[in-house]
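Letter by letter, the chains look like this.
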Amino acid sequence: MPWDDDDAAKQKVAPGVKAQALAAEKAAAQQAKVAAAARVKANELGQIPVLMYHRVVEKVEAPDDLTYQQFRAELERLAREGYVPITAREYVTGRIDVPAGKHPVVLTFDDSSPAQLALDGEGNAMPNTALGILIDVAKRHPGFRPVATMYVTRDMFGRHTPEERAEYLMWLQDKGFDIGNHTHNHINLRGRPKNEVFKEIVAGHRLIIDVIRTPPATIAVPYGNQPSTKSWARRGSSGGVSYDYGGVMLAGYTPAPSPFAKDFDPLGIPRIRSFEKKGDCVRFCSVAWLDWLKQNPDKRYTSDGDVTTVAYPKFKSPFAARAYAKYALPY
């Protein structure tokens, strides 16, 4: 039966009514996001600890070594205090997907030492290695992701044949670990000519892409020393192979800025040496900085639990990078 005039009039206004309803629904959803961010005191412009590790061993033999007990204790502390590991790739790309109220932490390992990873005959990380301990702590603390970024050199966890090296890199990729460039020979890049810097970085780059094809997202410059022109570490090419990294990791000092903050500088991302409050580490190593972040929670990155937004208190808006303006959720 054809519609009468009243039906036609209703049909004419229906699109407008529908648009208003959709707008109201969208506004309500936005208000709910703002309320949720405020409830957990989200601050996604806050600082993120990027922790730097080397060897994890039974007995300390070098300044950067940690014992099994020291390393496990730090991971346990991170889990208790609401930190969730993310990779350096996730950090520099802004894909920080951690639960509401939690804090991201980036675990990084330099030099690809056998103390970091050794596999048993069944493809499991040996329990007395850094990654074996990390995986065990994650099992004991649900939500504490067993991920890290491994900055590899030609030493490649003590593996010498191409097949063994491929086995380890593929294992890392399969388990969700991030693999970064630490150059081929671990040489100091400071003061070296451009072509030599490019050649060394490309050689390290090829150690990775010749096996897993996925280019690394970041580089950790040996000894924390940048080349004389900082941008050479981030972008360059040699022998027909080019690299373009999202971030250059240094060797220490402070927590790192949020990737959504104005002061984020991909050419020089600070990392924190892992160690207790002794000597030079009284102020500038992991225990000291984790203490400081705990005592100053307003300075720490706290997630709103929504990877599609960048939430923070309105008064912190001057610190937000314009590049992420469309994702901003001030409250």
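Please read all numbers here as calculations on a predicted model, not as lab measurements.

1. Comments concerning the overall build of the protein
Per the secondary structure count, the protein includes 9 helices and 14 strands. Dimensions of the protein, computed from C-alpha atoms along their principal axes, come out at roughly 85 × 50 × 45 Å. Looking at the protein as a whole, 48% of its 331 residues are labelled buried. Long-range contacts, defined as pairs at least 24 residues apart, comprise 67% of the intrachain contacts of the protein with a sequence gap of at least 6. In the structure as shown, the protein presents an accessible area of about 16,500 Å², 52% of it carried by carbon and sulfur atoms.

2. Quick look at the pairing of strand 7 (residues 178-181)
The alternating pattern of strand 7 places Asp 178 and Gly 180 on one face and Ile 179 and Asn 181 on the opposite face, and all of these are buried. Two strands pair when backbone bridges link them, and strand 6 (residues 149-152) and strand 7 are joined in this way by 4 bridges, in the parallel orientation. Bridge pairing links Met 150 to Ile 179 in strand 7.

3. Side note on the pattern of salt bridges
The tally for this structure, following the rule as stated, stands at 18 salt bridges. A salt bridge links Glu 90 to Arg 145; the shortest N-O distance between them is 3.1 Å. A residue pair is termed long-range when its members are at least 10 positions apart, and Glu 90 in helix 3 (residues 88-93) and Arg 145 in the loop between helix 4 (130-140) and strand 6 qualify at 55 residues. You can call Arg 145 partly exposed: its relative accessible area is 27%. Salt bridges sharing common partners tie together Arg 77, Glu 81, Lys 277, Asp 291 and Lys 294.

4. Description of helix 4
Turning to helix 4, its buried residues number three or more, namely Ala 130, Leu 131, Gly 132, Ile 133, Leu 134, Val 137 and Ala 138. On the buried face of helix 4, the contacting elements are strand 2 (56-57), helix 2 (68-80), strand 5 (103-110), strand 6 and helix 5 (162-174).

5. Re the packing of helix 2 against helix 4
At a closest axis distance of 10 Å, the pairing of helix 2 and helix 4 adopts a crossing angle of 35 degrees. In the crossing of helix 2 with helix 4, the sense of the turn from one axis to the other is right-handed. Contacts between helix 2 and helix 4 pair Tyr 68, Phe 71, Arg 72, Leu 75 and Glu 76 from the former with Ala 130, Ile 133, Leu 134, Asp 136, Val 137 and Arg 140 from the latter. Its residues assigned to classes, the contact of helix 2 with helix 4 comprises 7 nonpolar, no polar and 4 charged.

6. Digging into the packing of aromatic side chains
According to the stated counting rule, one finds 14 aromatic pairs in the structure shown. Relative to Tyr 243, the ring of Phe 198 has its centre 6.1 Å away and its plane inclined at 80 degrees; by these criteria the two rings are edge-to-face. In this pair, Phe 198 is assigned in helix 6 (residues 194-212) and Tyr 243 in strand 10 (residues 241-244), connecting sequence segments 45 residues apart. By relative accessible area, which is 10% here, Phe 198 ends up buried. Residue Tyr 243 is classed as buried on the basis of its relative accessible area of 4%. Members of the aromatic cluster, connected to one another through ring pairs, are Phe 198, Trp 232, Tyr 243 and Tyr 245.

7. Details of the environment of Pro 266
The topology assignment puts Pro 266 in the loop between strand 11 (247-249) and strand 12 (272-273). Between the C-alpha atom of Pro 266 and that of Gly 279, which follows or precedes it by 13 residues, the distance is 30 Å.

8. Here we look at the nonpolar core
Leu 107 and Leu 172 are the most contacted members of the largest nonpolar core, which has 43 residues in total. The set of elements that each furnish at least two residues to this core consists of strand 1 (50-53), helix 2, strand 5, helix 4, strand 6, helix 5, helix 6 and helix 9 (286-295). With 6 residues, the top contributor of residues to this core is helix 4. When residues no more than four places from it in sequence are discounted, the contact partners of Leu 107 are Leu 51, Tyr 53, Leu 75, Leu 78, Pro 85, Ile 86, Leu 134, Val 147, Ala 148 and Thr 149. Core analysis: the next-biggest nonpolar cluster, separate from the first, contains 22 residues, Val 98, Tyr 151, Ala 256 and Phe 260 among them.

The rules behind these values
Residues numbered from 1 in each chain as written. Predicted model: local features only at pLDDT ≥ 70, side-chain atom pairs only at ≥ 80, totals over all residues. Heavy atoms only, no water. Helix = DSSP H or I, 4+ residues; strand = E, 2+ residues; numbered from the N terminus. Buried < 20%, exposed > 50% of the residue type's maximum accessible area, 1.4 Å probe, protein only. Contact = heavy atoms within 4.5 Å. Areas by Shrake-Rupley, 256 points an atom, 1.4 Å probe, with all protein chains shown as cover. Pairing = 2+ DSSP bridges. Salt bridge = Lys/Arg side-chain N within 4 Å of Asp/Glu carboxyl O. Axes fitted to C-alpha atoms, helices over the stretch in contact; angles between N-to-C directions. Left-handed = near helix turned anticlockwise from the far one by under 90°. Nonpolar A, V, L, I, M, F, W, Y, C, P; charged D, E, K, R; others polar. Phe/Tyr/Trp six-rings, centres within 6.5 Å; stacked < 30°, edge-to-face > 60°. Core = buried A, V, L, I, M, F, W, Y, C linked by side-chain atoms within 4.5 Å.

Geometry only, nothing functional implied.
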